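Take a look at the letters that make up each chain.
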Amino acid sequence: MVSTSLSSKALCLLLMAASPAQAFTSLISCSKSESVTITHGQLHKRHRRASPITTTSSSSLQMSDVSDLLYREQENLIVQRGQFEETLVTNVTPLEAPVVKIRGTGSAGGFGGGSKGGNSGGTKAGGKAEGKARAKILKKEGVLRIDNVLSSSTADALRAHLYSLREQAELDVREGRVDKLARFENVLLKQNRCDLTIPMGDELITQALDEALRLSPIGATISSEFGEEAILHEFSCLMSDPGSQRQVIHPDTPFNGKDPVLYTCFIALQDVTLDMGPTVWLPGTHTREAHAAFKDTTPGADGTESAKDALIRTTPAVLGLLKKGSCAIYDSRLLHCGSANRSENDTSRALLYFSFKDPKVGYTGNPPSIRAQLGSAKVSLGALLEDLEMNAKGKGTPLIDRLGKMMR
């Protein structure tokens, strides 16, 4: 998350300004001597804005105007920083799915793979063993690719459904039928990018959850680390349209201990090509040492680069060039960013995503992207898996149906 707080110098200049134009000039002056403050939390989210403050003077500065000016300048600085970081990240290879062998069974995951993930060899014990093997890789690298977690037909249908939901949500917001934050999480670099929170209860969404959590290795991998008491923390879809800018490199949560607090799973709803803005991860940077270097932005006395820039430049990166239906699970502390969508075919990139939280953790340092009612329900991975298993036996989904009725 990018802090929207002002330094005392900037605040004084803004309060003394007689007009938004003067405020903007003051902000530019401050920005030349002060760096943009990046705090831990997901960069694609933005603090909710407080109510504007006004005075009775005819020449007074309306703080809502200042907020907009600050936001635009903040975005400009972040875009420039993102473009600079792109020049640092030169050692890049595609993120590949490892072959995980469990007693002679090798697979890179679910639909079309040698095993239906989470149920390797057709046994519950095999699924747990496969999840444990994948979790070991995830814990070491901080990011793990699993192919074929959604069938092609489900990915296609879900993509169309979510873009339809987005269109309806945008119409409802424009016409005042619903508050924007009830359908979309706030995003930074919001031009051509949105974060659409997803309701439960729809049959197609239930099918996607079944394929991803029960039939692929995702559920077993997450439960191997957090147990089935892991809490659903986020459930949303990131949509990056052509023209969206590159983010700056960031972690989603701070480093507060040796154990992960949150695992996020991005599932591609179409092939993600190089020009569509794939996610960039820096494997191995979910450590105390990497976070310490990342926070050190001071250049050397002899003009050498900062520890942060050296870390970004020297760490080999992997690129999320995911096939349709494939996923990447990553530790929320891992440094990463979304790159710019420069698609010449006018192709939007859609990533279905969900996060599960360690049940022992309170606040993660990351405001979640999830419908308020769903987040308040604190749904566990185990409860979801049990509901999906019941559905596979023809007994319906009482939990998901109940959650669906809560959605507004």
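Note that the structure is a prediction, hence the values are computed from the model and not measured. (Residues numbered from 1 in each chain as written. Predicted model: local features only at pLDDT ≥ 70, side-chain atom pairs only at ≥ 80, totals over all residues. Heavy atoms only, no water.)

Caption draft 1: Region of interest: the sheet that holds strand β12 (residues 336-338). Read across the open sheet, the four strands follow the order β1-β10-β9-β12; overall the sheet is mixed. The strands lining the two open edges of the sheet, one partner per strand, are β1 (92-94) and β12. The mean angle between the axes of side-by-side strands here comes to 25°, regardless of whether they run parallel or antiparallel. Relative to β12, strand β9 (residues 279-281) runs antiparallel, the two sharing three bridges. (Pairing = 2+ DSSP bridges. Helix = DSSP H or I, 4+ residues; strand = E, 2+ residues; numbered from the N terminus. Axes fitted to C-alpha atoms, helices over the stretch in contact; angles between N-to-C directions.)

Caption draft 2: A look at empty space enclosed by the protein. Tallied over the full model, the rule gives two cavities of 30 Å³ or more. Taken together, Phe266, Val272, Pro278, Thr279, Trp281, Gly320, Leu322, Arg349 and Leu351 make up the lining of the second largest cavity. Breaking the lining of the second largest cavity down by element, the ones donating at least two residues are β9 and β13 (349-357). Classifying every residue of the lining of the second largest cavity by side-chain character gives six nonpolar, two polar and one charged. (1 Å grid on protein atoms, 1.4 Å probe; cavity = no way out; pocket = protein on both sides within 12 Å on 5 of 7 lines; lining within 4 Å. Points joined across faces, edges and corners; volume = space filled by probe spheres on them. Nonpolar A, V, L, I, M, F, W, Y, C, P; charged D, E, K, R; others polar.)

Caption draft 3: Structural context of the nonpolar core. Grouped together as the largest cluster of nonpolar side chains are 49 residues, with contacts concentrated most on Leu213, Ile218, Phe235, Ile267 and Phe354. Not counting residues within four places of it along the chain, the set of residues in contact with Ile218 comprises Ile146, Val149, Ala212, Leu213, Cys265, Ile267, Cys327, Ile329 and Phe354. (Core = buried A, V, L, I, M, F, W, Y, C linked by side-chain atoms within 4.5 Å. Buried < 20%, exposed > 50% of the residue type's maximum accessible area, 1.4 Å probe, protein only. Contact = heavy atoms within 4.5 Å.)

Caption draft 4: Expanded view of helix α6 (residues 203-215). The set of residues buried in α6 consists of Ile205, Thr206, Ala208, Leu209, Asp210, Glu211, Ala212 and Leu213. Where α6 begins, one side-chain oxygen reaches toward the backbone nitrogen of Leu204, 2.8 Å away; that side chain belongs to Asp202. (Polar contact = N/O pair within 3.5 Å; in protein donor to acceptor, adjacent residues only side chain to side chain.)

Caption draft 5: Summary view of the confidence of the model for the protein chain. Confidence along the protein chain averages 83 in pLDDT terms, with 77% of residues attaining 70 or more. In this model residues 46-60 is a low-confidence stretch, pLDDT under 50, and it forms 24 contacts with partners more than four residues away in sequence or in other chains. Note on residues 105-122: pLDDT under 50 across the span, and 61 contacts to partners over four residues away in sequence or across chains. (pLDDT = per-residue confidence, 0-100.)

Caption draft 6: Just the environment of Arg349, in detail. Note on placement: Arg349 falls in strand β13. Its relative accessible area of 6% is what places Arg349 among the buried residues. Here the alpha-carbon distance between Arg349 and Val272, two residues 77 residues apart in the chain, equals 6.9 Å. Discounting chain neighbours no more than four positions away, the residues touching Arg349 are Tyr163, Leu238, Met239, Ser240, Gln270, Val272, Met276, Gly277, Pro278, Thr279 and Asn341. Within the local environment of Arg349, its side chain forms a polar contact with the backbone oxygen of Gly277, the two atoms lying 2.3 Å apart.

Caption draft 7: Molecular detail of the pattern of salt bridges. Scanning the entire structure with this criterion turns up 16 salt bridges. Residues Glu225 and Lys139 are paired through a salt bridge, measuring 3.8 Å at the closest nitrogen-oxygen approach. With Glu225 in helix α7 (residues 218-226) and Lys139 in helix α4 (residues 124-141), this residue pair connects regions lying 86 residues apart in the sequence. Among the ionic pairs, Arg214 bridges to Glu389, the shortest N-O distance being 3.5 Å. Of this pair, Arg214 sits in helix α6 while Glu389 sits in helix α11 (residues 381-392), and the two are 175 residues apart along the sequence. Residue Glu389 is classed as partly exposed on the basis of its relative accessible area of 32%. Look at the salt bridges and you will find they share partners, linking Arg81, Glu85 and Asp309 into a network. (Salt bridge = Lys/Arg side-chain N within 4 Å of Asp/Glu carboxyl O.)

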